[in-house]
Amino acid sequence: MVKVAGAVSDVSGSSLTFSAHLAGLSVISFGGIPVILPELHQLIVVTHGWVSDAEFSDFFALSQIVPGPNFVFMLSLIGWKVGGAFGAIGAALGVTGPPCALTFFGFRLWHRFMTRRGG
Amino acid sequence: MVLAAEQPDIVARVTLSALFAGFLKAALCGFGGALLPWARRVIVEERRWMSEAEFADTLSLCQFLPGVNFANLAVCVGSKFRGPLGAVAAFLGLTLTPLTIAVVIGAGYLQVAHFAVVQRVLGGISGAAAGLVIAAAFRMLTSQYRHPVALLFAALAFSGIVLTHLPLTLVVAGLAPLSIGASWLRWRAR
């Protein structure tokens, strides 16, 4: 990795760390994002201190009043605090990317299986 | 894909922009956990992209796989009609506009976060939302009450995380193969 000097590298570095962690946790979130919520709290509030305890639950509440897939927004809001727009988009892609890729290929396999069976 | 041969008229109708618009509508209408009924309404009733049974099957696949169920659903529906680009269009329809709204609200929140009334309102909402998560977990648990093995694994996972504070990754990696093995043995014994 090329090291870039200054505060910018700190922020984008944190954003990358955040979305890499999200990508890792997303793969084991069987049953949805609430399953990894305690793990996310540990990562975001306790280990890295990216947001405070109060902000974590505020972002949880805020994401519930926005229409659409709530937990993507909650993590994007935290990503926004970590590293601005870059952090927000990185968080959304990190948490949805690996499961969506799995689904894309899983759906094709499943579709092929169902049609071969004649159903 | 297969459906192209069966129903060419539907495939021609489901363009990239139609996928984007359909999922945008479901996302904007689906406030607070109402995303599922709206997704069903748009996909099955209004646009007839899938039959009731096909939607139910696809949804259970998406719920079985990890991640955000509705993002997975968007990928399935999109890729069914338009391949990878369709998956991207449906995904962006689901997330892009609501994400913009979320960011605007989030920016607004930072301006008013220090007001006591805001804190109380948000505290109430997160309490209610946490209650819904607990209720959903309880429903899933009670639906398994006839399966002692499933309950045993639920108890093991719960104590692993809550009592011994093991990382979730470790608990899942340890218990998932065992529980799959256990249900395979049960299936074999039948």
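Residues numbered from 1 in each chain as written. Chains lettered and ligands numbered in written order. Predicted model: local features only at pLDDT ≥ 70, side-chain atom pairs only at ≥ 80, totals over all residues.

**Here we look at helix H4 (residues 70-116) of chain A**
For the record, the criterion: By definition, any uninterrupted DSSP run of H or I lasting at least four residues is a helix, any uninterrupted run of E lasting at least two residues is a strand, and each is numbered from the N terminus. Multiplying 1.5 Å by the residue count of a helix minus one yields the expected span of that helix. The angle between axes fitted to the seven-residue stretch ending at a residue and the seven-residue stretch beginning at it gives the bend at that residue.
Taking 1.5 Å of rise per residue, the 47 residues of H4 of chain A would be expected to cover 69 Å, yet its terminal C-alpha atoms sit only 37 Å apart, more than 12% below that figure. The sharpest bend along H4 of chain A reaches about 140° and sits at Gly-83 of chain A.

**Points about the confidence of the model for chain A**
For clarity, the cut-off: Confidence of the predictor at the level of single residues is given by pLDDT, which spans 0 to 100.
Averaged over all residues, the pLDDT of chain A equals 86, while 90% of them reach at least 70. Across chain A, the secondary-structure element scoring lowest on mean pLDDT is helix H1 (residues 7-26) of chain A, at 85, and the one scoring highest is helix H2 (residues 37-47) of chain A, at 93.

**Here's the deal with the nonpolar core**
Applied cut-off: For our purposes the nonpolar core covers buried Ala, Val, Leu, Ile, Met, Phe, Trp, Tyr and Cys residues that link as a set through C-beta atoms within 7 Å. Using C-beta atoms placed from the backbone, we call a residue buried if 20 or more other C-beta atoms fall within 10 Å of its own, exposed if 12 or fewer do, and partly exposed for counts in between. Note that contacts rest on C-beta atoms placed from the backbone: two residues are in contact if these are within 7 Å.
By size, the foremost hydrophobic cluster in this structure holds 64 residues, and its most contacted members are Leu-75 and Ile-78 of chain A together with Phe-23, Ala-71, Ala-74 and Ala-90 of chain B. Contacts of Ala-71 of chain B, omitting those with residues within four sequence positions, involve Pro-69, Val-72, Thr-96 and Cys-100 of chain A together with Phe-91 and Leu-94 of chain B.

**As for unusual backbone geometry**
All names here are of chain B. Within the chain, Arg-48 stands out as a residue other than glycine whose phi angle is a positive 55°. Along the polypeptide, Arg-48 turns up in the loop between helix H4 (35-46) and helix H5 (52-64). Owing to 12 C-beta atoms within 10 Å, Arg-48 belongs among the exposed residues under this scheme. Unlike most non-glycine residues, His-165 shows phi in positive territory, near 55°. With respect to the element layout, His-165 can be found in the loop between helix H8 (148-163) and helix H9 (168-189). A count of 9 C-beta atoms within 10 Å places His-165 in the exposed class.

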